[in-house]
Amino acid sequence: MPFPLDVPECDLRRRHSQKWVAYPEDVLPLFVAETDVLLAPAIRERLAAAVADGDTGYFAEIERLASVCARYYSRFGYYVPDGSVVPVNDVGVGVRESLARVLPAGSGVVYTPPVYMPFAPWIRRVGMSPVAVPLVDHDGEDPRLDLAGVERALVDGARGVLLSHPHNPTGVLHSDEDLAALADLAARYDAVVVSDEIWAPLTMPGVGFRSFLAVSETAREVGLAISSASKAFNLAGLKCAFVVNGNPQRFEVRRSALSGAVGHFGALAAEAALTESLDWLDELRAALASNLDLMERLMAEHLPRARWRRPDAGFVAWLDLRAYPGLGEDPAAAFLEHGRVALSNGPAFGSQGKGFARVNFACSEELLTEAFTRMGRVAAAGG
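All residue numbers here refer to positions counted from 1 along the written sequence of the relevant chain. The predicted origin of the model limits local features to residues at a pLDDT of at least 70 and limits the giving and counting of side-chain atom pairs to 80 or more, whereas totals for whole chains, interfaces and linings rest on all residues. Side-chain numbers here rest on the full set of heavy atoms in the structure, without hydrogens or water.

1. Here we look at the sheet that holds strand E2 (residues 85-88)
In plain terms, the rule: Strands are treated as partners if at least two bridges between them are detected by DSSP. By the criteria applied, helices consist of DSSP H or I runs no shorter than four residues and strands consist of E runs no shorter than two, each listed in order from the N terminus. Fitting a line to C-alpha atoms yields each axis, with helices limited to the stretch in contact; the angle taken between N-to-C directions then spans 0 to 180 degrees. Contacts are assigned to residue pairs that have any heavy atoms within 4.5 Å of one another.
Overall, mixed pairing links the 7 strands, which are arranged E2-E8-E7-E6-E5-E3-E4 in an open sheet. Edge positions in the sheet fall to E2 and strand E4 (129-132), since each has one partner strand and no second. Strand after strand, the sheet turns through a mean of 25° between neighbouring axes, direction not considered. Pairing analysis gives 4 bridges linking strand E6 (residues 192-196) to strand E7 (residues 223-227), with the strands arranged parallel. For serine 195, the partnering residue across the bridge sits in E7 and is alanine 225. Across the sheet, helix H4 (residues 62-73) is in contact with E2, E7 and strand E8 (241-245); its angle to E2 comes to roughly 115°. Packing of helix H5 (residues 91-102) onto the sheet brings it into contact with E2, strand E3 (108-111), strand E5 (160-164), E6, E7 and E8, and relative to E7 it is tilted by some 165°.

Have a look at this one:
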């Protein structure tokens, strides 16, 4: 197994994060989007030095962090101007604050199920109305935006689009053409696109990512992108993300208290990740690609009637298990009860997720193999 996913399960069981404490020890956890990695050396050293120095106070170096994030994000096809990056506590905060600050109160906001479970609750939390426009062919080889559906929603009065790019759970990268067309629709109907790009650093080897803000001048006029080092470098508990404001003259997303809420350790870790750990990230991406190769073999052996599409980015895969009717509308529940394997429940991503489950493959070969062996037994017994 290529570094850095070769971490013994006995060591992982000592962790106290959600992935390793949510279920009893006989359950293999392949659900929440954490990775089974040791921290990149530069991150580990930076945090250890801070602890040794007692450097555990409030985060203060907003300009420094913003500059680091801007330089890094320029890798994704968009030159980030000075003053357009707003550090925030996490991506959820960035999404909610962006929606609240740039859209009229009570606006309808389009989202694209099956999609990350908190999207609709985030929209409601800021007093707005979620408008579901499902992906076209979400269960096939070419999941993509339903641009005609988005336009109908905008004609009906929606004024925001909350985009998942790369898309979670399908792992698809929306095409430049679709993103540019989405930007044109937003401009035509005076709408705003908020693009959650937290998975951007995790494209498969040989696959490039372009931010929504990079696809056209119009996209920059109507858009904001939100990302973080947290998903790629397993730093979710340290609390640091950033909003890239495509149009600071239009959008009033100011730093003030938002940036003050960034975790000090999160900022230290993000800087070490985005400036000193990119070689480590390349190794992780190679390891994830290797696990996808393994998963393809395991699916053929243990779940031959299941369908899936290899993700372009990320470390989760969207499994279509409807060919196993005995697993029911929520296969993850069956795998947990009868196989002691925890996946993410498909219906939680929207009604389009009935008969599906999301698997986190950022783990060792041994854990992945055992999980699919168990799932195969469950499917054979009940399918």
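2. Quick look at the sheet that holds strand E10 (residues 316-320)
The 4 strands lie next to each other as E9-E10-E13-E12, forming an open sheet whose pairing is antiparallel. The outermost strands of the open sheet, each flanked by one partner alone, are strand E9 (307-308) and strand E12 (344-345). Judged from the 2 bridges that link them, E9 and E10 form a sheet pairing that is antiparallel. Residue pairing across strands places tryptophan 308 opposite leucine 319, the latter belonging to E10.

3. Brief notes about the pattern of salt bridges
Rules: Here, a salt bridge means any Lys or Arg side-chain nitrogen found within 4 Å of an Asp or Glu carboxyl oxygen. When accessible area is computed with a 1.4 Å probe and restricted to protein chains, residues below 20% of their type maximum are described as buried, those above 50% as exposed, and intermediate ones as partly exposed.
Applying the stated criterion across every chain, the model contains 20 salt bridges. The shortest N-O distance in the salt bridge between aspartate 176 and arginine 210 comes to 2.7 Å. A residue pair is termed long-range when its members are at least 10 positions apart, and aspartate 176 in helix H8 (residues 176-188) and arginine 210 in the loop between E6 and helix H9 (217-222) qualify at 34 residues. Owing to a relative accessible area of 29%, aspartate 176 belongs among the partly exposed residues under this scheme. One salt bridge connects glutamate 296 with arginine 310, and the closest N-O pair in it is separated by 3.2 Å. Placement of glutamate 296 in helix H13 (residues 278-302) and of arginine 310 in the loop between E9 and E10 is noted, with a sequence separation of 14 residues between them. The exposure class of glutamate 296 is partly exposed, given its relative accessible area of 41%.

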